[in-house]
Amino acid sequence: MTDNVYPLSPDADTGLLEAAEAIRAGKCIVLPTDTVYGIGANAFDADAVQGLLDAKERGRDMPPPVLVAEPLMLRAVADEVPDAAAALAKAFWPGALTLILRAQPKAGMELGETDGTVAVRVPDHDGARALLRRTGPLAVSSANVHGQAPALTCADAVEQLGDKVAVYLDAGPAAGGVASTIVDFASTPEGRVLREGALSLAQLHEVAPNVVGISEPEPEPELEPEAEPEQ
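Residues numbered from 1 in each chain as written. Predicted model: local features only at pLDDT ≥ 70, side-chain atom pairs only at ≥ 80, totals over all residues. Heavy atoms only, no water.

Asks: How should I be thinking about the overall build of the protein chain in this particular structure?
Replies: Assigned secondary structure in the protein chain consists of seven helices and 10 strands. Compactness check: the protein chain gives a C-alpha radius of gyration of 18 Å against a globular reference of 17 Å for 231 residues, within 12% of the reference. Principal-axis analysis of the C-alpha atoms places the extent of the protein chain at approximately 70 × 30 × 30 Å. Considering the protein chain as a whole, with its 231 residues, one finds that 48% of them fall into the buried category. Residue pairs at least 24 apart in sequence account for 62% of intrachain contacts in the protein chain once pairs closer than 6 positions are excluded. Just so you have it, the protein chain exposes about 11500 Å², and 50% of that area is on carbon and sulfur atoms. The average position of the 16 basic charges and that of the 36 acidic charges among the side chains of the protein chain differ by 6 Å. (Helix = DSSP H or I, 4+ residues; strand = E, 2+ residues; numbered from the N terminus. Rg over C-alpha atoms; globule rule 2.2 N^0.38 Å. Buried < 20%, exposed > 50% of the residue type's maximum accessible area, 1.4 Å probe, protein only. Contact = heavy atoms within 4.5 Å. Areas by Shrake-Rupley, 256 points an atom, 1.4 Å probe, with all protein chains shown as cover. Lys, Arg positive; Asp, Glu negative; His and termini not counted. Charge placed at Lys NZ, Arg CZ, Asp CG, Glu CD.)

Listed below in structure tokens is the structure:
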């Protein structure tokens, strides 16, 4: 391990302070999440996000998602939040749900080739959310070199990323497990599942009954016989 590894626990505040300072300085950090360890950078700092992609040896065609501490922080990164998306966030955050929304243009995020969208999640990890409350939204991807296994321990992340990361936060082994379910609200306000992960379509339908499953066809709009389609 290196001298920039700090324990992340309720009685250890130093790591959070060091990590938040590194983020403000435009550097990358490693943090635990509810699935794997992640490499994070300021979501509003284009150079910092590029540093994240460089550390992973990954191109801009694979932009990182954004983690936020609370559902209320959605407005900082998303331009529009359809009612169904807001309902799912209220029901399943923090947790294994990723929402794809139209990005807030005023935020100035440059995450890569996103086509004007942003993927957002609130992680179910107390330490990660404590950090996010100090830093604001972070661009976060799995803490590994592209093509290698995601880090499940801080030591795994150190081995792969080394001095490309300014601060490592160690909270013990990550849980791993099933990836988040991804629902796209950028292309339809009703929502379409792009990846069914920890949350099933049935669970989503309990909150947002019009979400379209992966294999379901897009429903045809119901128009009155004389009605003109909306432009």
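We are not done yet, so read on.
Asks: Help me understand the packing of helix α1 (residues 14-24) against helix α5 (residues 126-135), please; the structure alone is not making it clear to me.
Replies: Relative orientation and spacing of two packed helices are given, respectively, by the angle between their axes and the distance between those axes. Taken N-terminus to C-terminus, the directions of α1 and α5 make an angle of 45 degrees; their axes are 10 Å apart at the nearest point. The pairing of α1 with α5 is recorded here as oblique in orientation. Between α1 and α5 the crossing geometry is right-handed. Contacts between α1 and α5 pair L16, L17, A19, A20 and I23 from the former with G127, A130, L131, R134 and T135 from the latter. (Axes fitted to C-alpha atoms, helices over the stretch in contact; angles between N-to-C directions. Parallel < 35°, antiparallel > 145°, perpendicular 65-115°, else oblique. Left-handed = near helix turned anticlockwise from the far one by under 90°.)

Asks: Mind showing me how you'd approach the sheet that holds strand β7 (residues 138-142) here?
Replies: Taken in spatial order, the 10 strands of this open sheet run β1-β8-β2-β3-β7-β4-β6-β5-β9-β10, and their pairing is mixed. This sheet does not close on itself; its edge strands, each paired only once, are β1 (5-7) and β10 (192-195). Each of β1, β2 (29-32), β3 (37-42), β7 and β8 (167-170) touches α1; the most contacted strand, β8, lies at about 145 degrees to it. (Pairing = 2+ DSSP bridges.)

Asks: Teacher, can you tell me more about the pattern of salt bridges here?
Replies: Pairing is possible between side chains of opposite charge, provided their charged atoms come close. Per the stated rule, a full pass over the model turns up seven salt bridges. The partner of E57 in a salt bridge is K164, with the nearest N and O atoms 3.4 Å apart. With E57 in the loop between α2 (46-56) and β4 (66-67) and K164 in the loop between α6 (154-161) and β8, this residue pair connects regions lying 107 residues apart in the sequence. E57 sits in the exposed class, given a relative accessible area of 52%. In this structure K164 comes out as partly exposed when scored by relative accessible area, which is 38%. Between D124 and R129 there is a salt bridge, with its nearest N and O atoms 4.0 Å apart. (Salt bridge = Lys/Arg side-chain N within 4 Å of Asp/Glu carboxyl O.)

Asks: In this structure, what is going on with helix α4 (residues 83-92)? I would like to understand it.
Replies: Owing to its 3.6 residues per turn, the α-helix aligns residues three or four sequence positions apart on the same side. Within α4, the full set of buried residues consists of A84, A85, L88, A89 and F92. Burial along α4 is one-sided: seen end-on, the buried residues are contained in an arc of 135 degrees. Among the exposed residues of α4, those oriented more than 90 degrees off its buried face are D83 and K90. (Arc of directions from axis to C-beta.)

Asks: Could you clarify how one ought to interpret the confidence of the model for the protein chain in this entry?
Replies: The predicted coordinates of low-pLDDT regions are not to be read in fine detail. For the protein chain, per-residue confidence averages 90 on the pLDDT scale, and residues scoring 70 or more make up 92% of the total. In the predicted structure, residues 218-231 sits below a pLDDT of 50 and forms four contacts with residues beyond four places in sequence or in another chain. (pLDDT = per-residue confidence, 0-100.)

Asks: I keep staring at the environment of P65 and nothing clicks. Help me out?
Replies: Secondary-structure assignment places P65 in the loop between α2 and β4. On a C-alpha basis, the gap between P65 and E18 in space is 23 Å, while along the polypeptide they are 47 residues apart. Look past the residues within four positions of P65 in its chain and what remains in contact with it is A119, L138, A139 and V140.

Asks: Looking at this structure, how should I read the layout of surface pockets?
Replies: Where empty space is left becomes clear once a probe the size of a water molecule has been rolled over the atoms. When its volume is computed, the largest pocket comes out at roughly 770 Å³. In terms of lining residues, the largest pocket is bounded by 36 residues, among which P65, V140, S141, S180 and R195 are the most central. Sorting the residues of the lining of the largest pocket by element identifies β5 (97-102), β6 (117-121), β7 and β10 as the ones contributing at least two each. The leading source of residues in the lining of the largest pocket is β6, at four residues. (1 Å grid on protein atoms, 1.4 Å probe; cavity = no way out; pocket = protein on both sides within 12 Å on 5 of 7 lines; lining within 4 Å. Points joined across faces, edges and corners; volume = space filled by probe spheres on them.)

Asks: Is there a simple way to explain α5 in this structure?
Replies: Looking at α5, one finds that the buried residues are G127, A128, R129, L131, L132 and T135. Phi turns positive, to about 85 degrees, at G136, one or two residues after α5.

Asks: How do you make sense of the nonpolar core when you look at a structure like this?
Replies: Judged by nonpolar contacts, the single largest core of 51 residues is most densely connected at V30, I39, L97, L99, L161, Y168 and L204. Among the secondary structure elements, those contributing two or more residues to this core are β3, α2, α3 (74-77), α4, β5, β6, α6 and α7 (201-207). What L99 contacts, discounting residues up to four positions off in sequence, is A85, A89, W93, V118, A119, V120, V183 and F185. Residues L8, L31, A69 and L169 belong to the second largest nonpolar core, which totals 17 residues. (Core = buried A, V, L, I, M, F, W, Y, C linked by side-chain atoms within 4.5 Å.)

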